[in-house]
Amino acid sequence: MIGVDTAGVAEQLGAAADTATAIGQLAAEIGLDAEGAYAVQTALVQRRLDRGEHLVGLKMGLTSRAKMAQVGVDEVIWGRLTDVMRVPDGGTVDVGGFIHPRVEPEVAFLLDRLPEPGEPVGSFADAVRAVAPAIELIDSRYANFTFSLPDVIADNASAAAFVIGPWSPVPDGLDNLGVLLEVNGRVAQVGSTAAILGDPRRALDEGLRLAGRHGVRLRQGWVFLAGAATAAVPLPPGAHVRAVVEKLGTATLRSAPSAGGRHG
Ligand code: OOG
Ligand code: MG
């Protein structure tokens, strides 16, 4: 078998992100499978840690059919979140720093006491201290947002930025809350948290299981994104985005006007 140049592939993906320049898909050409792709992801994230970023959480991807259908990949994946990806609630991003940014509504968990590796999650209330509405900004490093399963895993599940709204204590039920994504005051997506593996709490079990397979332990104080309940929508410059989750409230993100646009 020909070995995959894990470090080289991570470097290509990292440079694509750093320069906001799309690259072609890689996995099929170099024979990268899902397992090897997580090794690339580890190297890609290590590249961020080496320049001083810190891990602050885990994100799940493709936990809803809407998302799977949108990108044509039908397996649940996960990726890592760093402090530099976090945008304060109501904060502004510059779309010029991304290739083709999209936004999607998410539910975030603030992790608390987690089981030892191999043990099941005891009670969700022990494992999760608080929940919040969130917005994830995804930005595939592949041209046309088109990729295979190993491609997207290697690309850290398209992670780029995220916003967490106000934290609330864990409500009684999380399994059927209305979800709304608004762009410039217009409804862009509607859905329900039921779309996330039937109940977003399941995303945590999946995250523990899937990341655990790669020796990754979730930490107290980390943020956990359960995966979008709806398809993602493009983030244009000069936009005001709101994700509303019933009972949990609203997370807000703005994008700066484009360089040539009028500044107000
Ligand atoms: C992959 C990331 C998926 C989600 O919430 O499902 C994801 C992608 O759509 O590019 O973050
Ligand atoms: Mg997401």
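Just so it is clear, the model here is predicted, and its values are computed rather than measured. For every chain, the first residue of the written sequence is number 1, and numbering continues from 1 onward in sequence order. Throughout, the order in which chains and ligands are written sets their labels, letters from A for the former and numbers from 1 for the latter. In keeping with the model being predicted, local features are shown solely for residues with a pLDDT of at least 70 and side-chain atom pairs are shown and tallied solely at 80 or more, while totals for entire chains, interfaces and linings include all residues. Remark: hydrogens and water are excluded; side-chain values derive from all non-hydrogen atoms of the structure.

1. A short note on the pairing of strand 13 (residues 249-255)
Sheet topology places strand 4 (residues 92-93) next to strand 13; two bridges connect them, and they run parallel. Residue pairing across strands places T92 opposite R254, the latter belonging to strand 13. Only strands that DSSP links by at least two bridges are regarded as paired with each other. Where helices and strands are cited, they refer to DSSP runs of H or I of at least four residues and of E of at least two residues respectively, numbered from the N terminus. Sheet topology note: the strand 12 (residues 240-245)/strand 13 ladder contains six bridges and is antiparallel. Note that in strand 13 the partner of V244 across the bridge is T250. Hairpin geometry of strand 12 and strand 13 is characterised by an intervening segment of three residues between the two adjacent antiparallel strands and by a positive phi of about 75° at K247.

2. Regarding the site of ligand 1
Not every one of the 17 residues close to ligand 1 is listed here, only the nearest: K59, L62, K67, S158 and A228. Whenever two N or O atoms come within 3.5 Å, that pair is a polar contact, provided that in protein one can donate a hydrogen and the other can accept it, and provided that, for residues adjacent in sequence, both atoms are side-chain atoms. Contact distances for ligand 1 include 2.7 Å between an oxygen atom and a backbone N or O atom of L62. Within the side chain of S158, an N or O atom sits 2.6 Å from an oxygen atom of ligand 1. If ligand 1 stood free it would expose 320 Å²; the protein chains cover 100% of that surface. Structurally, ligand 1 is housed in the largest cavity. The set of elements that each furnish at least two residues to the shell around ligand 1 consists of strand 1 (55-61), helix 4 (65-71), strand 5 (102-111) and strand 6 (128-138). Broken down by element, the residue count for the shell around ligand 1 peaks at three residues, all from strand 1. The residue classification treats Ala, Val, Leu, Ile, Met, Phe, Trp, Tyr, Cys and Pro as nonpolar and Asp, Glu, Lys and Arg as charged. All others, Gly included, are polar. For the shell around ligand 1, the residue count by class is nine nonpolar, three polar and five charged. In these notes, residues near a molecule or strand are those with any non-hydrogen atom within 4 Å of it. To measure how exposed things are, a 1.4 Å probe is used in the Shrake-Rupley method; for residues, cover is taken only from the protein chains shown. Whether a set of points on the 1 Å grid over the protein atoms alone is a cavity depends on a 1.4 Å probe fitting there but being unable to get out, while an open set qualifies as a pocket with protein on both sides within 12 Å along at least five of seven lines; lining residues are those with an atom within 4 Å of a point. More than half of a molecule's atoms lying within 2 Å of a cavity's or pocket's grid points is what places that molecule inside it.

3. Let's talk about the coordination of the magnesium ion (ligand 2)
Surrounding the magnesium ion (ligand 2) are the protein donor atoms E104 (OE), E106 (OE) and E136 (OE), which sit 2.0 to 2.1 Å from the metal. Residue E136 is classed as buried on the basis of its relative accessible area, which comes to 1%. Coordinating donors are taken as N, O and S atoms within 2.8 Å of the metal, stretched to 3.2 Å for Na, K and Ca; because water is absent from the atoms, sites can appear incomplete. The rule is simple: take the accessible area with a 1.4 Å probe, protein chains only, and divide by the maximum for that residue type; under 20% is buried, over 50% is exposed, in between is partly exposed.

4. Things to note about the sheet that holds strand 8 (residues 178-183)
The mixed open sheet is built from five strands, whose spatial order is 4-13-12-8-9. With partners counted over all chains shown, the strands left at the sheet margins are strand 4 and strand 9 (186-192), one partner each. Taken together, the five bridges between strand 8 and strand 12 define a ladder with antiparallel strand orientation. Pairing of V183 across the sheet is with V241, part of strand 12.

5. Some thoughts on helix 7 (residues 201-213)
Given a rise of 1.5 Å per residue, 13 residues ought to cover 18 Å, and the 19 Å separating the end C-alpha atoms of helix 7 matches this to within 8%. For helix 7, the complete set of buried residues consists of A203, L204, G207, L208, L210 and A211. Where helix 7 is buried, its residues contact strand 1, strand 2 (77-82), strand 5, helix 5 (124-127), strand 6 and strand 10 (223-225). At the exit of helix 7 stands G215, carrying a positive phi of roughly 75°. Expected span, for any helix, means 1.5 Å times one less than how many residues it has. Contacts are residue-level and defined by heavy atoms, with any inter-residue pair within 4.5 Å sufficient.

6. A closer look at the side chain of T63
Tracing the chain through its elements places T63 in the loop between strand 1 and helix 4. Sequence-distant contacts of T63, that is, excluding residues within four places in its chain, are made with V76, A195, I196, L197, A226, G227 and A228.

7. Focus: the packing of aromatic side chains
Aromatic pairs are defined between Phe, Tyr and Trp rings, using the six-membered ring for Trp, whenever the two ring centres lie within 6.5 Å; interplanar angles under 30 degrees are classed as stacked, those over 60 as edge-to-face, and all others as tilted. For the structure shown, the criterion picks out five aromatic pairs. When the centroid spacing of 5.0 Å and the interplanar angle of 80° are considered together, the rings of F109 and F124 count as edge-to-face. Linking F109 in strand 5 with F124 in helix 5, this pair joins segments that are 15 residues apart in sequence. We note that F109, like F124, is buried. A ring pair is formed by Y142 and F147, whose centres lie 6.4 Å apart and whose planes are at 55°; its orientation type is tilted. Neither residue differs from the other here; Y142 and F147 are each classed as buried. What links up through ring pairs into an aromatic cluster is the set F109, F124 and F224. Over the ring of F145 we find R102; its NZ or CZ atom is 3.8 Å from the centre of that ring. Comment: the charge-over-ring label is applied if NZ (Lys) or CZ (Arg) is within 6 Å of the ring centre and within 35 degrees of the ring normal.

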